[in-house]
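A look at the structure
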Amino acid sequence: AGAQQSATVANPVSGASPDLLPHFQLEPVDGYSVKNKAGRLACRATPATQIYFKCNSEWVHQGDHVTQQSTDRSTGLPVMEVRIEVTRQQVEKIFGLEEYWCQCVAWSSSGTTKSQKAFVRIACECLWWPRWDRALAPAAPHLCASPDLRKNFEQEPMAREVSIEQGIVLPCRPPEGIPPAEVEWLRNEELVDPALDANVYVTPEHSLVLRQARLADTANYTCVAKNIVARRRSASAAITIYVNGGWSTWTQWSGCSTSCGRGWQKRSRTCTNPTPLNGGAFCEGQNVQKTACTTLCPVDGAWSEWSKWSVCGAECTHWRSRECSEPAPRNGGRDCRGSELDTRNCTSELCSHATPGAEDVALYVGLVAVAVCLVLLLLVGVLVYCRKKGGLDADVADSSILTAGFQPVSIKPSKADNPSLLTIQPDLSTATMTYQGSLCPRQDGPAKLQLPNGHLLSPLGAGRHTLHHSSPAIEGADFVARLSTQSYFRSLPRGTTNMAYGTFNFLGGRLMIPNTGISLLIPPDAIPRGKIYEVYLTLHKQEEVRLPLAGCQTLLSPIVSCGPPGVLLTRPAILAMGHCVEASAENWSIRLKKQSCEGTWEDVLQLGAEPCTELYYCQLEAQACYVFTEQLGRFALVGESLSMAASKRLKLVLFAPAACPSLEYNIRVYCLSDTQDVLKEVIQLEKQLGGQLIGAPRVLHFKDSYHNLRLSIHDMPSSLWKSKLLASYQEIPFYHIWSGLQPFLHCTFTLERLSPSTCELACKIWVWQVEGDGQSFTVNFNIAKDTRFSDWLVPDSEVGAPALVGPSAFKIPFLIRQKIISSLDPPGTRGADWRTLAQKLNLDSHLSFFASKPSPTAMILNLWEARHFPNGNLSQLATAVAEVGKQDGALFAVSEAEC
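The following paragraphs examine the structure supplied in this document. (Residues numbered from 1 in each chain as written. Predicted model: local features only at pLDDT ≥ 70, side-chain atom pairs only at ≥ 80, totals over all residues. Heavy atoms only, no water.)

1. Focus: the sheet that holds strand β20 (residues 208–210)
Where strands meet in a sheet, backbone hydrogen bonds hold them as pairs that are either parallel or antiparallel. The criterion, for reference: DSSP bridges decide pairing: two strands pair if at least two such bridges lie between them. Secondary structure elements are defined from DSSP: runs of H or I of at least 4 residues count as helices, runs of E of at least 2 residues count as strands, and each element is numbered from the N terminus. For helices, the fitted line uses only the C-alpha atoms of the stretch in contact; every axis is such a line through C-alpha atoms, and the angle between N-to-C directions lies from 0 to 180 degrees.
With respect to topology, three strands assemble into an open sheet ordered β15-β20-β19, the strand pairing being antiparallel. Unpaired on one side and paired on the other, β15 (168–170) and β19 (200–202) mark the two borders of the sheet. The mean inter-strand angle of the sheet, taken between neighbouring strand axes irrespective of direction, is 20°. Bridge count for β19 against β20 is three bridges, and the pairing is antiparallel. Bridging from a neighbouring strand, V202 pairs with L208 of β20.

2. A word on the sheet that holds strand β7 (residues 66–71)
Sheet architecture is open: four strands sit in the order β2-β4-β8-β7, paired in antiparallel fashion. Across the chains shown, the open sheet's two edge strands, defined by having one partner strand only, are β2 (23–26) and β7. The average angle at which neighbouring strand axes cross in this sheet is 25°, direction not considered. Pairing of β2 with strand β4 (residues 39–46), which is carried by three bridges, proceeds in the antiparallel orientation. The partner of H23 across the bridge, within β4, is T46.

3. Things to note about the packing of aromatic side chains
Put simply, the rule reads: Planes of paired rings set the category: under 30 degrees apart is stacked, over 60 is edge-to-face and the rest tilted, where pairs are Phe, Tyr or Trp rings (Trp by its six-membered ring) whose centres lie within 6.5 Å. For every residue, the accessible area obtained with a 1.4 Å probe (protein chains only) is divided by the maximum for its type, and the residue is called buried under 20%, exposed over 50%, and partly exposed between those limits.
As enumerated under the stated definition, the model contains 20 aromatic pairs in all. Between Y616 and F635 the ring centres are 6.2 Å apart and the planes differ by 65°, which places this aromatic pair in the edge-to-face class. Placement of the pair is Y616 in strand β39 (residues 616–620) and F635 in strand β41 (residues 634–641), with a sequence separation of 19 residues. Taken as a pair, Y616 and F635 share a single burial class, namely buried. Look at Y706 and Y735: their rings are 6.3 Å apart centre to centre, the planes differ by 55°, and that puts the pair in the tilted class. Highlighted residues: Y706 in the loop between β45 (698–703) and β46 (709–714) and Y735 in helix α5 (residues 734–738), separated in sequence by 29 residues. Exposure remark for Y735: the relative accessible area of 35% places this residue in the partly exposed category. An aromatic cluster is built from W253, W588, F702, Y706, F734, Y735 and W738, whose rings are joined through pairwise contacts.

4. Quick look at the layout of surface pockets
Where we set the bar: Residues are said to line a cavity or pocket when one of their atoms sits within 4 Å of a point; the points come from a 1 Å grid over protein atoms alone, cavities being sets where a 1.4 Å probe fits but cannot get out and pockets being open sets with protein on both sides within 12 Å along at least five of seven lines. Grid points are joined across faces, edges and corners, and a volume is the space filled by probe spheres set on the points. Any residue outside Ala, Val, Leu, Ile, Met, Phe, Trp, Tyr, Cys, Pro, Asp, Glu, Lys and Arg is labelled polar, Gly included; the first ten of those are nonpolar and the last four are charged.
Within this model, the largest pocket holds a volume of roughly 1600 Å³. Lining the largest pocket we find 44 residues, and of these W253, T291, G551, Y706 and Y735 sit closest to its centre. Going through the elements one at a time, β24 (261–268), β25 (288–295) and α5 are the ones with two or more residues in the lining of the largest pocket. Of the residues belonging to the lining of the largest pocket, the class tally is 19 nonpolar, 17 polar and eight charged.

5. Comments concerning the environment of S728
Within the secondary structure, S728 is located in the loop between β47 (721–723) and β48 (730–732). Sequence spacing of S728 and S712 is 16 residues, and the spatial spacing of their C-alpha atoms is 6.6 Å.

6. Quick look at a negative patch on the surface
Put simply, the test is: Residues qualify for a patch when their relative accessible area is over 30% and they have no salt bridge, like charges being joined within 9 Å and the nonpolar side chains of Val, Leu, Ile, Met, Phe, Trp and Tyr within 5 Å. Here the Shrake-Rupley method, with its probe set to 1.4 Å, supplies the accessible areas, and only the displayed protein chains count as covering residues. The salt bridge criterion pairs a side-chain nitrogen of Lys or Arg with a carboxyl oxygen of Asp or Glu, the two atoms within 4 Å. Positive charges are assigned to Lys and Arg, negative charges to Asp and Glu, while His and the chain termini are left out of the count. Every charge is mapped onto a representative atom, which is NZ of Lys, CZ of Arg, CG of Asp or CD of Glu.
On the surface, E305, E323, E326 and E340 cluster together into a patch of negative charge. You can call E305 exposed: its relative accessible area is 68%.

7. Focus on the pattern of salt bridges
Should their charged atoms come close, side chains of opposite charge can pair. Taken as a whole and assessed by the stated rule, the structure comprises 31 salt bridges. Close ionic contact of D300 with R334 constitutes a salt bridge, the shortest N to O distance being 3.1 Å. Highlighted residues: D300 in the loop between β25 and β26 (317–321) and R334 in the loop between β26 and β27 (341–345), separated in sequence by 34 residues. Via salt bridges that share partners, R187, D197, R214 and D217 belong to a single interconnected network.

8. Observations concerning unusual backbone geometry
A cis amide bond links T46 to the next residue, P47, at an omega of -15°. Along the chain, P47 falls in the loop between β4 and β5 (50–55). At the junction of G563 and P564, the peptide bond is cis and its omega measures out at 10° in the coordinates. Structurally, the position occupied by P564 is in the loop between β35 (559–563) and β36 (573–578). Phi at D525 is positive, roughly 70°, even though this residue is not glycine.

9. What to know about the nonpolar core
Keep this limit in mind: By convention a nonpolar core is built from buried Ala, Val, Leu, Ile, Met, Phe, Trp, Tyr and Cys residues, the set being connected through side-chain atoms within 4.5 Å. Contact between two residues is taken to exist if any of their heavy atoms lie within 4.5 Å; hydrogens are not considered.
By size, the foremost hydrophobic cluster in this structure holds 73 residues, and its most contacted members are L520, L537, Y665, I667, L761, I765 and V767. Dropping the residues within four chain positions of it, V767 is found in contact with L652, V669, L700, L709, R710, L711, G774, Q775 and F777. One finds A576, A809, F849 and A858 within the second-largest nonpolar core, a separate group that totals 37 residues.

10. Quick notes on the side chain of D525
Note on placement: D525 falls in the loop between β32 (518–522) and β33 (533–540). The exposure class assigned to D525 is buried, which follows from its relative accessible area of 18%. The residues contacting D525, other than those within four sequence positions of it, are F506, T570 and R571.

11. Let's talk about the state of the cysteines
Formally: To count as a disulfide, a pair of cysteine sulfur atoms needs to be within 2.5 Å.
Scanning the model with the defined rule gives eight disulfides in all. The side chain of C172 participates in a disulfide bridge whose partner is C223; the two sulfur atoms lie 1.9 Å from each other. Its S-S torsion of approximately -75° makes the covalent link between C172 and C223 left-handed. One end of the pair, C172, is in the loop between β15 and β16 (177–178); the other, C223, is in strand β21 (residues 219–226), with 51 residues separating them in the sequence. Across the pair, exposure class does not vary: C172 and C223 are buried alike. For C256, the disulfide goes to C293, at an S-S distance of 2.0 Å. One quick way to see it: the torsion about the S-S bond of C256 and C293 is about 90°, and its sign makes the bridge right-handed. Highlighted residues: C256 in the loop between β23 (237–242) and β24 and C293 in strand β25, separated in sequence by 37 residues. Distance from the sulfur of C625, which forms no disulfide, to the nearest cysteine sulfur (C618) is 4.6 Å.

12. Focus on the packing of helix α6 (residues 814–824) against helix α9 (residues 856–868)
Test applied: Convention used here: angles under 35 degrees read as roughly parallel, angles over 145 as roughly antiparallel, angles from 65 to 115 as roughly perpendicular, and any remaining angle as oblique.
Packing of α6 against α9 leaves a shortest axis separation of 8 Å and a crossing angle of 140°. Classified by the angle their axes make, α6 and α9 are oblique. Contacts between α6 and α9 involve R817, I820, I821 and L824 from the first element and T857, A858, L861 and N862 from the second. Tallied by class, the residues present in the contact of α6 with α9 amount to five nonpolar, two polar and one charged.

What follows is the structure in structure tokens.
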């Protein structure tokens, strides 16, 4: 029979709260009375002052109740529990009338609550009625039930082997029974109590669940089903928890096996982190690694040949010398033994030492007089030269460029009727030089800076604003023509494709090495006014410059020089170059290195740490870094891996001959650092070899796991082609790639056509790091006429100008730049200053560096110029500036005097 829900009867007690009505923690459930054994019913409620049972609408005598009182620890409310027994005779008294049921009623000061009804039946054997008397059988189903429990489980738990920390579910479906069987679990014959172990629980379907397998859970598990009739046990299931082995960390490298010359060193690891247990798998991979090492042999010093004897001196002696240089001692070798100077009498001891007389004194006086005359003549010559030079500036770095006319002077409009020209008062005391040129970049159309809803551009009008000055000393059509030519810059034609030169003054400019991502931005006013510098930018090949690396260090960027070193810069220049690191503070320690005048490399900045000097700063982005430096020199980015998860980006490129006159056909797979300069070098090399690109480049993340890089070729039609590779794969050693000192490496797959008419090539090339990342190329093309990947190669016509001087080197017009700087540098109301602009440009992580400079806004705009030239979105910058201006309505107001 179905159980009824509990009911509540409110007692009209004054001030009673419905929250204090008793509720049942345990309600009576259906039961059986077996032979002479009485059925038991129990209930528990809180808060309760009294609890009584009512059976078939009659109260059970108070003496038949067994009562137990306690207090709920969590709420402090009283708890009462009551039990009664129902005998077979009590049930038989109502035989034929209705089923025997009991209900629990609990009282509190606020009212009463009734529990659900529980039915008690008599358990008896099944009755076999004679055929002539079976009509009476249905008369007593409510009185007599036939309890039973079958012998066989519908589903038993099965033995399993499970990895540690893996979840386990042991199913159990008990036999059918009347009443239904209760299920409990045994672990090695001990009861499993989920209340005592949070890692264990039993589902409503009786399955035992272990959330995370532990070694202690290795045991025999048995499902037990029981009711009032019988107790059944399932077959025991043996659960084994195994542990797979794991490698320990590598030991330190051993010393080199030889004290002089080439040897080897090794390191080892053990399969103890953790140790395999209970049949777990052993570690895969090598437990010992070896690598080649070279120990410099000590070289003892040896004397050179003696020099010739000197002339005989006043002391009647002459001497000769030698040097410890053939060879010089090195690598701890011994110095030369003996004296480096040999002195001997040159007159066979017959020389006499006389004191100087009057003749010697006259000689000395004459020599002094001649020296004084020479000094006077030199001074006169210097004075004459200075007067002839006149007002020329002594700080000009290259006198040949004085006629270039970059000295700023007083400015006036060239035409009185042109309202778009501005008159700007000079701040210089000299007007010996002339500047004439547009202060806006030579870019029209959408590249112009538009400030929506702002006042910054309104007083400037729509035309170009030009500065003019006329000086009789250098006036002429030739001068005007030189300044109006392409961006009026001078680039020195004396370098290779990896060099750029230019001449710059206070207006600044930019040097670029085409197709390498390397550039040098010289901001306005970085060069002091009145000075002109000839600046260069050079990309070095790794074999030209020795960069020592130690331990786990690796080169992450090209080695770039900018100079001349030692020039005076009043504001930082910005050096941009690519890198190939997947940067993360957990895996990398990245440093900026600079070569000193003595030739040694020094750490000048550690990225992510507080800078030790304000001379250098670095903005590291996904594929490029921007170095702020006030001292030009030679720079490189070097990283040291902190874990085996540290990775570098490799670019994989496939080349093959553009023409194939023979049966042999070579596919070259290049593995190079993922920077533009290395790709440019490979493309130039392949152009010389007559190669063509046969697949889109791919990027592979190469980890510091000490595993080599493997390359293999597959799925090639054997009826048309065959490979001449003897092994199943080729391999590039880990250290050759990781050091970064070899920017690109390659492997060649030599194939052979079985017929000269075969032109279609289809295959797959796999490139992968052992136990690491991998890439695959699907090659399917015609070797005679397929050029679909030629668009990936940068044509020579796109190299662009290597040097830009003055306003043409910047996206932001000069006058607008100055207005933004003067408006945002001072602290603004409601935060409308350079800090807000940095936040809108996602540069707020560099606020402390910007704040350390005299003009933080200039630093922000300089970094924007370095990052976005030549394809920067001026509209986006204009919107950010305008939004800053909205926070202070008067920020960009322009007076009539400024116009």
